[in-house]
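Here's the letter readout for the chains.
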Protein chains: 2
Amino acid sequence: MADTAVYRSSTTAPVNIAVIKYWGKRDATLNLPTNSSLSVTLSQSSLRAYTTASCSASYPAEAGDTLTLNTQLQNIQGSKRTLACLSDLRALRRGLEDANPSLPKLSTFPLRIVSENNFPTAAGLASSAAGFAALVRAIADLYELPQSPSELSRIARQGSGSACRSLMGGYVAWRSGALEDGSDSLAEQVATASHWADMRALILVVSDAKKDVPSTEGMQTTVATSSLFPTRAEFVVPSRMAAIERAIQDRDFASFAEITMRDSNNFHATNLDTWPPTFYLNDVSRAAIRLVHDINRAAGETVCAYTFDAGPNAVIYYLEKDSQKVIGTFREVLRADTEGWEGEYADKVRDIKSGLPLEQLDGRAVEGLRDGINRVILTGVGEGPVKVDAHLVSETGEILTVAK
Amino acid sequence: MADTAVYRSSTTAPVNIAVIKYWGKRDATLNLPTNSSLSVTLSQSSLRAYTTASCSASYPAEAGDTLTLNTQLQNIQGSKRTLACLSDLRALRRGLEDANPSLPKLSTFPLRIVSENNFPTAAGLASSAAGFAALVRAIADLYELPQSPSELSRIARQGSGSACRSLMGGYVAWRSGALEDGSDSLAEQVATASHWADMRALILVVSDAKKDVPSTEGMQTTVATSSLFPTRAEFVVPSRMAAIERAIQDRDFASFAEITMRDSNNFHATNLDTWPPTFYLNDVSRAAIRLVHDINRAAGETVCAYTFDAGPNAVIYYLEKDSQKVIGTFREVLRADTEGWEGEYADKVRDIKSGLPLEQLDGRAVEGLRDGINRVILTGVGEGPVKVDAHLVSETGEILTVAK
């Protein structure tokens with residue numbers, strides 16, 4: 001009798017925010033980076049992708065594999081990156097089935113994948129890392145693949161470079177690797193979330209962030225035209241990777257923070273040196289940078305660090321123990337009606353109403369931020385993908401809405 | 001009988017705007033630069049320093065040398081840079097007097113120097129280059145020194161690095177030199193103003209430019225902390241110097257423009273890479289950059305180029321023949337009440353009311369500029385210092401106000 005069951009597996013996956021930035025590909029098809037990078041995986045209580053992978057012989061073969069993202073059916077035939085992930089995962093499953101003929105032939109069934117994320121709309125937060133990590137993790141679970149997260153990161157990397165770092169929690173390095181086939185370009189956990197659990201992240205969402213050059217295009221233009229980029233890739237990043245890994249092992253926030261800020265600035269410097277130049281930071285971003293330097297100066301020690309991806313939103317890292325100085329000051333500076341001071345991490349700082357004395361702070365930073373930020377997300381270091389029992393596909397294959 | 005005459009000599013001197021930027025000193029006392037630079041000397045009909053150098057045995061010895069700048073007496077004893085210039089010029093005069101005892105002993109008389117400039121107040125335009133060039137030129141004339149402008153540039157350089165390039169008109173290189181005593185670090189004219197006379201410059205003065213880190217401090221922080229700066233100084237600038245000199249010789253505007261824009265971006269990239277980072281460009285500057293790229297795209301060729309010194313004001317180079325495309329478009333974009341569309345160069349473009357079709361242009365650039373620029377200065381390549389007969393010191397030594 002034919003097997004018409006619907007096989008399902010579901011997972012959530014986190015976003016990650018790099019402290020040593022990935023920018024530039026040495027191989028665009030395999031998504032092999034020009035340099036190594038390192039990120040902090042953020043808690044899924046604030047931001048996460050939620051994905052169910054299902055497959056069934058009863059799914060119509062003519063529809064092929066399908067992916068529904070936030071209730072919209074995607075054209076995966078038009079996405080080489082998605083196809084590459086599916087193809088690699090299916091090949092691993094086929095290997096299992098070949099070795100053990102008693103296994104159901106899931107590799108021959110169409111996939112029906114459903115994904116939802118809980119990111120604020122249009123916040124400009126890179127959701128592709130969490131999305132591809134969840135997709136790869138959910139299918140790997142569905143297929144009962146024995147591969148480690150590091151081994152799976154090779155596959156996720158082909159979906160979206162930084163997705164490879166979202167397959168693990170805590171502090172994660174993506175080793176650029178040197179081999180042409182990319183087999184040594186994978187993510188590995190440098191430290192667990194619990195090793196340095198009090199790392200927090202305040203995300204400042206810039207109000208009217210207008211889209212600049214997409215990062216896939218922008219990074220290749222930088223590689224091709226910036227006279228400063230080779231120095232970054234060959235010399236600056238390798239020494240910083242080693243130094244920040246030490247700082248993480250030692251829980252040395254001052255070093256972690258300085259390297260994080262300098263690498264963000266260095267990355268954006270190569271963008272300004274790109275031809276034609278690309279700008280991801282704006283005056284609001286610069287106001288956040290000034291405020292962080294002002295807070296550290298007023299505190300007499302380094303208590304917070306900024307970093308910016310390919311957009312104007314700031315991510316401010318700090319330690320729980322410095323919440324009053326950092327969160328208190330940002331809370332005073334931002335408008336009273338700023339959204340987002342809620343959620344698991346915000347509850348812990350609910351009673352902090354004031355921070356460092358504002359007269360010590362740069363007036364420009366205060367004005368610029370107050371007018372430019374309309375939403376914050378307060379979160380912290382978190383775990384990697386988590387397998388969940390509630391599926392976005394019913395036992396009979398219907399697509400369900402997410403169980404919030 | 002004692003010589004109580006008042007000896008006088010007066011000059012005007014121009015500003016210059018670099019297209020290959022000077023940033024970083026290898027010797028702070030001698031003002032020796034880390035890399036060579038190249039600038040365009042701008043017409044004195046728009047911007048100039050006006051200086052009278054006078055000396056007399058009748059001036060009170062106890063007051064010493066004096067400098068009155070824009071009617072304010074300066075404390076030159078507190079300015080090592082000014083003292084270094086005066087000392088070197090006096091030594092050259094003493095040499096002449098020693099060789100020819102019949103000469104009046106001007107080197108023994110106190111100097112009374114009076115200077116005025118016609119720069120818009122608080123426009124953030126570097127006036128020190130014109131000021132020191134005028135001071136050195138006026139005293140050299142007073143002392144009847146035989147040294148060439150290049151030889152005098154060694155002295156002016158000690159007052160303000162970029163002043164050495166204001167001793168000549170047209171297109172001027174400042175060779176960094178390699179000798180420790182700085183004797184080979186001097187300016188030389190690459191081409192006269194008449195070689196490429198139709199070069200124009202539109203200066204966009206940003207409304208509420210707030211002062212950032214002063215350039216003397218900023219450049220040394222860049223040298224000390226930027227991981228990208230050595231690449232700029234050792235590799236990027238030398239190849240661009242050679243290329244832009246060729247472009248000037250060939251009157252090749254497209255090459256001149258691209259090198260100018262890329263060097264400005266490269267210079268500001270090293271500032272962003274400085275620790276802590278320095279920002280001279282703001283959102284208004286970026287809007288100007290976008291508009292220039294948009295104009296060139298709409299024109300189908302490179303008709304204008306931006307460059308930014310250590311501040312947000314934009315200088316837009318273009319050729320007279322492209323006035324309609326460039327000036328017409330900027331005029332349409334800027335507010336109707338923008339000040340400064342006047343003066344010798346502006347008169348030539350009085351009848352240009354429109355430029356390239358605005359619908360091809362980036363809306364962001366248009367908005368950002370309209371709100372951020374309240375004054376323009378329209379000028380062009382010009383001559384070096386000019387000796388003038390009207391003095392700012394009377395025959396009897398009184399300080400006069402400038403003859404406008």
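By convention here, each chain's residues receive numbers from 1 onward along its written sequence. Labels follow written order: the first chain is A, the first ligand is 1, and so on. Given that this is a predicted model, residues contribute local features only at a pLDDT of at least 70 and side-chain atom pairs are listed and counted only at 80 or more, while totals for whole chains, interfaces and linings are drawn from all residues. In computing side-chain properties, one takes all heavy atoms of the structure into account and sets aside hydrogens as well as water.

The name an unreviewed UniProt entry assigns to chain A is Diphosphomevalonate decarboxylase, from the organism Polytolypa hystricis. Of chain A, the UniProt comment under Catalytic activity (unreviewed entry) reads exactly: "(R)-5-diphosphomevalonate + ATP = isopentenyl diphosphate + ADP + phosphate + CO2". UniProt positions are given in the numbering used here, feature names are shortened, and annotations may be inferred rather than shown by experiment. Regarding chain A, the relevant UniProt record gives this comment under Sequence similarities (unreviewed entry): "Belongs to the diphosphomevalonate decarboxylase family."

S.K.: Explanation requested: the interface of chain A and chain B in the structure shown.
M.R.: It is common to report an interface's size as the accessible area lost on association of the parts. By definition, residues are in contact when any of their heavy atoms lie within 4.5 Å. With 34 residues of chain A at the contact, the number on the chain B side is 34 residues. Of the roughly 2,900 Å² buried at the junction of chain A and chain B (both faces included), carbon and sulfur atoms supply 61%. Take a side-chain nitrogen of Lys or Arg and a carboxyl oxygen of Asp or Glu: if they are within 4 Å of each other, that pair is a salt bridge. Taken together, the connections running from chain A to chain B amount to two salt bridges. Here D283 of chain A makes a salt bridge to R286 of chain B, at a shortest N to O gap of 3.3 Å. Throughout this description, a polar contact denotes any pair of N or O atoms lying within 3.5 Å of each other; where both atoms belong to protein, one of them has to be capable of donating a hydrogen while the other can accept it, and for residues adjacent in sequence the pair is counted only when both atoms sit in side chains. Linking chain A to chain B there are 10 residue pairs in polar contact (both at pLDDT 80 or more). Helix and strand assignments come from DSSP, with helices taken as H or I runs of at least 4 residues and strands as E runs of at least 2, each series counted from the N terminus. When residues of the side of chain A that touches chain B are traced back to their parent elements, those giving at least two are α5 (229–249), α6 (253–272), α7 (283–299) and α10 (363–372) of chain A. Here the quantity called buried area is the accessible surface, traced with a 1.4 Å probe, that two parts lose on coming together, added over both.

S.K.: Looking at this model, I keep getting lost on the domain arrangement of chain A. Mind explaining?
M.R.: All names here are of chain A. On domain assignment, one finds that chain A holds domain 1 (7–192) and domain 2 (199–380). Contact residues are listed per partner, giving 31 residues for domain 1 and 43 residues for domain 2. Remark: the boundary between domain 1 and domain 2 carries two salt bridges. We note a salt bridge from R175 to E245, for which the minimum N-O separation is 2.7 Å. Summed over the shared surface of domain 1 and domain 2, the result is 13 residue pairs in polar contact (both at pLDDT 80 or more). Of all the secondary structure elements, the ones that give two or more residues to the side of domain 1 that touches domain 2 are β2 (16–20), β5 (37–41), β10 (171–174) and β11 (187–191). The classification used treats Ala, Val, Leu, Ile, Met, Phe, Trp, Tyr, Cys and Pro as nonpolar, Asp, Glu, Lys and Arg as charged, and all other residues, Gly among them, as polar. The residue inventory of the side of domain 1 that touches domain 2, partitioned by class, reads 17 nonpolar, 10 polar and four charged. Per the annotation, domain bounds derive from an automatic or database assignment of domains.

S.K.: Teacher, can you tell me more about helix α10 (residues 363–372) of chain B here?
M.R.: Note on helix geometry: an α-helix contains 3.6 residues per turn, so any two residues three or four positions apart are oriented the same way. Residues and elements named next belong to chain B. A simple rule labels every residue: compare its accessible area, found with a 1.4 Å probe on the protein chains alone, to the largest value its type can have, and call it buried under 20%, exposed over 50%, or partly exposed in between. All of the buried residues in α10 are A365, V366, L369 and G372. Around the axis of α10, the buried residues are gathered within 155 degrees of arc, so they sit on the same side. Every exposed residue of α10 that faces more than 90 degrees away from the buried side is listed here: E367 and D371. Buried residues along α10 sit in contact with β12 (199–206), α7 (283–299), α8 (323–333) and β15 (373–380). Here the arc refers to the set of directions running from the helix axis out to each C-beta atom.

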